[in-house]
Amino acid sequence: MAQQITYDKAYDAVAPEDFPAMLEVPRYGRRSDAFDSIISATHDHFWDPLDKNYIDFDLPFDLVNRPIMPDEAIVELRCEAVASRLDVRQKIQLSNDVTHWSISNLLHGEQGALSLSASLCHVLLDPGAQEYAANQAREEARHVTGFTRYIAARWGAPLPVGKTIATVLADLVSTPEVYKKIVGMQMLVEGIAMGAFATLNAKTNDPVLRRLVQLVMSDEAFHHRFGRLWAAKTIRYLSDEEHKKVEDWAAQTFQMLLFNLINTEQKQVIYAKYGLDWEWVRDAVRETFGDEERRASLKESTNIFRVLIKTLLHAGIITSRTAPLYAVWVDMDELKAEGDGIPGDIVADEMLMVLREINARRRRIGAKDVAA
């Protein structure tokens, strides 16, 4: 696979149709130890979305009288022109409809991560890397189940995937270029997800949603580390031409996500319920929130695009050549000084301790049952 762009044997890959390469006897003995620590940790952060010991989706929430997210988290309600056309009850309903759309797209993103991590199992030659990808596929599958159960409890069924995220996910899952899979999913998409989950955790009024994103973050923190491992073992060894290829692709993807990930056209089915034309909503939101407001929002530590830029910067993917593209939106020196930790890491560590306690208790109960 000539386009994988990596210099560490742990990320050696073959074409997905080259299954005979997986059966070559010497391959089985060439397992690296690069992923052993994050593989062994999968036992610590295990959780089951179908087990109420971990999360109870049956806990009620009054969607008619309470918004899942505060008005400050709903861009449409921060726009006075839009908000003034709605009564109190409609504002709550619109807020919850927008949240329904956002959670639905998180679900679609988790499905993309599941399909992508499964696709890595077909191409990664290193048995350790392959085992980690298989573990991640299992974890992404429980995220799909978790978000599906949450949406079912609150709204019944998910909304269709947004055009932007659908395009990005389809490209990442189907691409033969391993660097795009790892940078695109493990760093960009997972980085955005961690920012989104951190925001939900900090702001939601629904304790079930808070618990769900905390559980998911306990997994995602490890998935993000897989991408950072790749960067640490690869970026500094790239030729100038290869680095530019990775850097330019990441910058292009960032720009596309920044301006298209969350836009009014994708939510027009929601606005129609309130007699709002989506193009009017788009223009009203644009008039209220221009570039200055966008820059201000990127100062928040949990802003998904700030997290994305920080991830790329500390991975060494952003250099002085492309830094000005990002500096339009954030203070790059400030971002560099913050270190490589991302929002959600602390929450993930706290949830990891909770899960260790739950899992240890369940093992003790299981041992007693066997003894009896």
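The model shown is predicted, which means the values in this text are computed figures rather than measured ones.

Peer 1: Mind showing me how you'd approach the packing of helix H4 (residues 88–121) against helix H6 (residues 163–174) here?
Peer 2: The relative placement of two packed helices comes down to the angle between their axes together with the axis-to-axis distance. Running from N to C, H4 and H6 point in directions that differ by 10°, and their axes come no closer than 9 Å. Considering their axes alone, H4 and H6 lie roughly parallel with respect to each other. The segment H4 lies against H6, with Asn 105, His 108, Gly 109, Gly 112, Ser 115, Leu 116 and Ser 119 engaging Ile 165, Leu 169, Leu 172 and Val 173.

Peer 1: It is not clear to me how the environment of Gly 316 should be interpreted in this structure. Could you clarify?
Peer 2: One can find Gly 316 in the loop between helix H13 (304–314) and helix H14 (323–327). Distance from Gly 316 to Ala 232, taken between C-alpha atoms, is 8.4 Å for residues 84 residues apart in sequence. The contact partners of Gly 316, leaving out residues within four places of it in the chain, are Ile 235 and His 243.

Peer 1: How do you make sense of the nonpolar core when you look at a structure like this?
Peer 2: For soluble globular proteins, nonpolar side chains are generally found buried alongside one another. Ranked by internal contacts, the top residues of the largest apolar core, which has 116 residues, are Phe 35, Val 183, Phe 197, Ile 309, Leu 312 and Ile 317. Looking at this core, the element that brings in the most residues is helix H7 (residues 178–203), giving 14 residues. Every residue in contact with Ile 317, bar those within four places of it in the chain, is listed here: Val 183, Met 187, Ile 235, His 243, Val 246, Glu 247, Ala 250 and Leu 312.

Peer 1: I'm lost on helix H5 (residues 127–154) in this one. Help?
Peer 2: Given 3.6 residues per turn, any residue in an α-helix points the same way as the ones three and four places further on. The end-to-end C-alpha distance of H5, which contains 28 residues, comes to 41 Å, matching closely the 40 Å that a straight helix rising 1.5 Å per residue would cover. Its side-chain oxygen 2.9 Å from the backbone nitrogen of Gly 128, Asp 126 forms the N-cap of H5. In the segment just after H5, Gly 156 is the residue with positive phi, at about 105°.

Peer 1: Looking at this structure, how should I read the side chain of Asp 126?
Peer 2: Structurally, Asp 126 is set in the loop between H4 and H5. Here Asp 126 sits buried without a salt bridge, and the closest side chain of opposite charge, Arg 31, lies 6.1 Å off (N-O distance). Here Ser 32 takes part through its backbone nitrogen, which lies 2.9 Å from a polar atom of the side chain of Asp 126. Polar side-chain contacts of Asp 126 include one of 2.9 Å to the backbone nitrogen of Ala 129. Ignoring sequence-local partners within four residues, the contact set of Asp 126 consists of Lys 9, Ala 10, Asp 12, Arg 27, Arg 30, Arg 31, Ser 32 and Phe 35.

Peer 1: Just to check I follow, could you spell out the packing of aromatic side chains for this structure?
Peer 2: Pairs of aromatic rings are described using the distance from one ring centre to the other and the angle between the two planes. Taken as a whole, this structure holds 11 aromatic pairs when the rule is applied. Between the aromatic rings of Tyr 11 and Phe 35, the centroid separation amounts to 5.5 Å while the plane-to-plane angle is 90°, which identifies the pairing as edge-to-face. Of this pair, Tyr 11 sits in the segment before helix H1 (25–28) while Phe 35 is found in the loop between H1 and helix H2 (36–40), placing the two residues 24 residues apart along the sequence. When sorted by exposure, Tyr 11 lands in the same class as Phe 35, which is buried. Taken together, a centroid distance of 4.9 Å and an interplanar angle of 45° make the contact between Phe 254 and Tyr 326 tilted. A residue pair is termed long-range when its members are at least 10 positions apart, and Phe 254 in helix H9 (residues 240–260) and Tyr 326 in helix H14 qualify at 72 residues. One aromatic cluster is present, formed by Tyr 11, Phe 35, Tyr 132 and Phe 226 through successive ring pairs. Of note, Arg 85 hangs over the ring of Trp 280, and the distance from its end group to the ring centre comes to 3.9 Å. The ring of Trp 101 has Lys 267 lying over it, and the distance from NZ or CZ to the ring centre is 5.4 Å.

The rules behind each value
Residues numbered from 1 in each chain as written. Predicted model: local features only at pLDDT ≥ 70, side-chain atom pairs only at ≥ 80, totals over all residues. Heavy atoms only, no water. Axes fitted to C-alpha atoms, helices over the stretch in contact; angles between N-to-C directions. Helix = DSSP H or I, 4+ residues; strand = E, 2+ residues; numbered from the N terminus. Parallel < 35°, antiparallel > 145°, perpendicular 65-115°, else oblique. Contact = heavy atoms within 4.5 Å. Core = buried A, V, L, I, M, F, W, Y, C linked by side-chain atoms within 4.5 Å. Buried < 20%, exposed > 50% of the residue type's maximum accessible area, 1.4 Å probe, protein only. Expected span 1.5 Å × (residues − 1). Polar contact = N/O pair within 3.5 Å; in protein donor to acceptor, adjacent residues only side chain to side chain. Lys, Arg positive; Asp, Glu negative; His and termini not counted. Salt bridge = Lys/Arg side-chain N within 4 Å of Asp/Glu carboxyl O. Phe/Tyr/Trp six-rings, centres within 6.5 Å; stacked < 30°, edge-to-face > 60°. Lys NZ or Arg CZ within 6 Å of the ring centre and 35° of its normal.

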